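These are the residues of each chain, in order.
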Amino acid sequence: MKLYGYYRSSTSYRLRCALELKGLAYENLPVNLLKSEQKDAAFTSRNPFGSVPMLEADGHDRAQSMAIIEWLDEAYPDQPLLPADPEQRYLARELAYAIATELHAPLNLPVLKYLKEEYGQSQEQIGEWYRHWLARTLDPLEQRLAQLGTGDFLFDAPGFFEVVLMPQIYNARRFEFDFGDKPHITQIEAACLALPAFQRAHPDAQPDNPSNKD
């Protein structure tokens with residue numbers, strides 16, 4: 001498998017988490033979003049969405065991270081990310097898709113650039129925008145986790161929900177979001193960060209992270 005992604009992209013990060021948890025080998029091929037390499041003709045000829053991640057696997061170029069993650073679980077059923085129990089599968093999807101559908105679009109890099117370039121918003125104003133939308137979803141997410149009485153993970157082991165949650169927490173901390181009133185989310189974060197799979201998937205460990213270059 002070949003994973004085309006960007007070290008700080010939340011969608012690339014979630015797919016790395018999924019691949020690592022499932023123990024699937026892949027080659028990491030960086031695509032620099034700051035240089036708009038994902039919009040190059042050579043890339044969009046393979047992925048018309050012009051976005052990352054793209055996973056080259058089994059002779060196909062696959063786009064859209066959530067669809068890829070579910071495909072991975074179907075194509076490679078060992079070490080499943082989604083539980084077998086239908087109710088647990090629903091809960092994992094409910095929480096993961098709350099993040100993927102409610103937060104990714106308004107907080108994505110093209111939107112933030114548009115706010116700055118077209119509307120003249122300062123970095124401080126963009127940060128306020130970012131934190132506002134985070135709270136709109138992370139507040140009820142924390143309440144849902146409290147209702148479920150979660151511990152280190154949503155269920156017995158990290159899976160579909162955690163691979164979507166962790167990148168969003170990473171980005172939230174970059175924008176100085178206050179997690180002080182979110183003990184369930186931060187407990188899951190700490191438990192995941194202690195695992196080698198999440199450590200390998202972390203942006204700090206990626207070859208295209210500028211801090212890792214000579």
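Residues numbered from 1 in each chain as written. Predicted model: local features only at pLDDT ≥ 70, side-chain atom pairs only at ≥ 80, totals over all residues. Heavy atoms only, no water.

I'd like a rundown of the overall build of the protein, residues and numbers included.
Assigned secondary structure in the protein consists of nine helices and four strands. For the protein, whose C-alpha radius of gyration is 17 Å, the value lies close to the compact-globule estimate of 17 Å for 214 residues. Every one of the 214 residues in the protein was classed for burial, and the buried ones make up 46%. Of the contacts made within the protein by residues no fewer than 6 positions apart, 67% connect residues no fewer than 24 positions apart. As displayed, the protein has an accessible area near 10700 Å², and 50% of this comes from carbon and sulfur atoms. In the protein, 21 side chains carry a positive charge and 31 a negative one; their mean positions are 4 Å apart. (Helix = DSSP H or I, 4+ residues; strand = E, 2+ residues; numbered from the N terminus. Rg over C-alpha atoms; globule rule 2.2 N^0.38 Å. Buried < 20%, exposed > 50% of the residue type's maximum accessible area, 1.4 Å probe, protein only. Contact = heavy atoms within 4.5 Å. Areas by Shrake-Rupley, 256 points an atom, 1.4 Å probe, with all protein chains shown as cover. Lys, Arg positive; Asp, Glu negative; His and termini not counted. Charge placed at Lys NZ, Arg CZ, Asp CG, Glu CD.)

Outline the sheet that holds strand E4 (residues 60–63), supporting the account with residue identities and numerical values.
Taken in spatial order, the four strands line up as E2-E1-E3-E4 in an open sheet, and their pairing is mixed. One side of each edge strand has no neighbouring strand; the edge strands of this open sheet are strand E2 (27–30) and E4. Within the sheet, the average angular offset between the axes of one strand and its neighbour, ignoring direction, is 20 degrees. Taken together, the four bridges between strand E1 (residues 2–5) and E2 define a ladder with parallel strand orientation. (Pairing = 2+ DSSP bridges. Axes fitted to C-alpha atoms, helices over the stretch in contact; angles between N-to-C directions.)

Residues and numbers for helix H1 (residues 10–22), please.
For H1, with 13 residues, the first-to-last C-alpha span of 18 Å sits near the 18 Å given by 1.5 Å per residue. Burial analysis of H1 places 13 of its 13 residues in the buried class, which makes it a mostly covered element. Glycine 23 occupies a position one or two residues after H1 and carries a positive phi of about 70 degrees. (Expected span 1.5 Å × (residues − 1).)

Describe the environment of leucine 193, naming the residues involved and giving the relevant values.
Within the fold, leucine 193 resides in helix H8 (residues 183–193). Note: C-alpha distance between leucine 193 and glutamine 64 (129 residues apart in sequence) is 24 Å.

Lay out unusual backbone geometry with the relevant residues and their values.
Phi is mostly negative for residues that are not glycine, and the peptide bonds are mostly trans. Valine 52 connects to proline 53 through a cis peptide bond whose omega is 5 degrees. Structurally, proline 53 is set in the loop between helix H2 (41–44) and strand E3 (54–57). Residue serine 36 is not a glycine yet carries a positive backbone phi of 60 degrees. By the secondary structure assignment, serine 36 is in the loop between E2 and H2. The partly exposed category is assigned to serine 36, whose relative accessible area is 29%. Within the chain, glutamine 64 stands out as a residue other than glycine whose phi angle is a positive 70 degrees.

Please provide a residue-by-residue account of the packing of helix H3 (residues 65–75) against helix H7 (residues 160–174), values included.
Look at H3 against H7: their axes get within 11 Å of each other, and the N-to-C directions meet at 150 degrees. On the basis of their axis angle, the class for H3 and H7 is roughly antiparallel. For the pair H3 and H7, the crossing hand works out as right-handed. Where H3 abuts H7, its residues Met66, Ile69 and Glu70 lie against Phe160, Val163 and Val164. A per-class count over the contact of H3 with H7 returns five nonpolar, no polar and one charged. (Parallel < 35°, antiparallel > 145°, perpendicular 65-115°, else oblique. Left-handed = near helix turned anticlockwise from the far one by under 90°. Nonpolar A, V, L, I, M, F, W, Y, C, P; charged D, E, K, R; others polar.)

So what about H8? Which residues, and what values?
Inspection of H8 places His184, Ile185, Ile188, Glu189, Ala191 and Cys192 among the buried residues, and these make up the whole buried set. Within H8, the buried residues cover an arc of 170 degrees as seen down the axis, which keeps them to one side. Close packing links the buried residues of H8 with helix H6 (123–148), H7 and helix H9 (196–201). (Arc of directions from axis to C-beta.)

Describe the nonpolar core, and please don't skip the residues or the numbers.
Counting residues in hydrophobic clusters, the biggest one holds 53 residues, and the most contacted among them are Leu55, Leu72, Leu141 and Phe161. Tallying contributions element by element places H7 first for this core, with nine residues. Apart from the residues lying within four places of it in its own chain, the contact partners of leucine 72 are Met1, Leu15, Ala18, Leu19, Lys22, Leu24 and Leu55. Tyr4, Val31, Leu33 and Phe43 belong to the second-largest nonpolar core, a separate cluster that totals eight residues. (Core = buried A, V, L, I, M, F, W, Y, C linked by side-chain atoms within 4.5 Å.)

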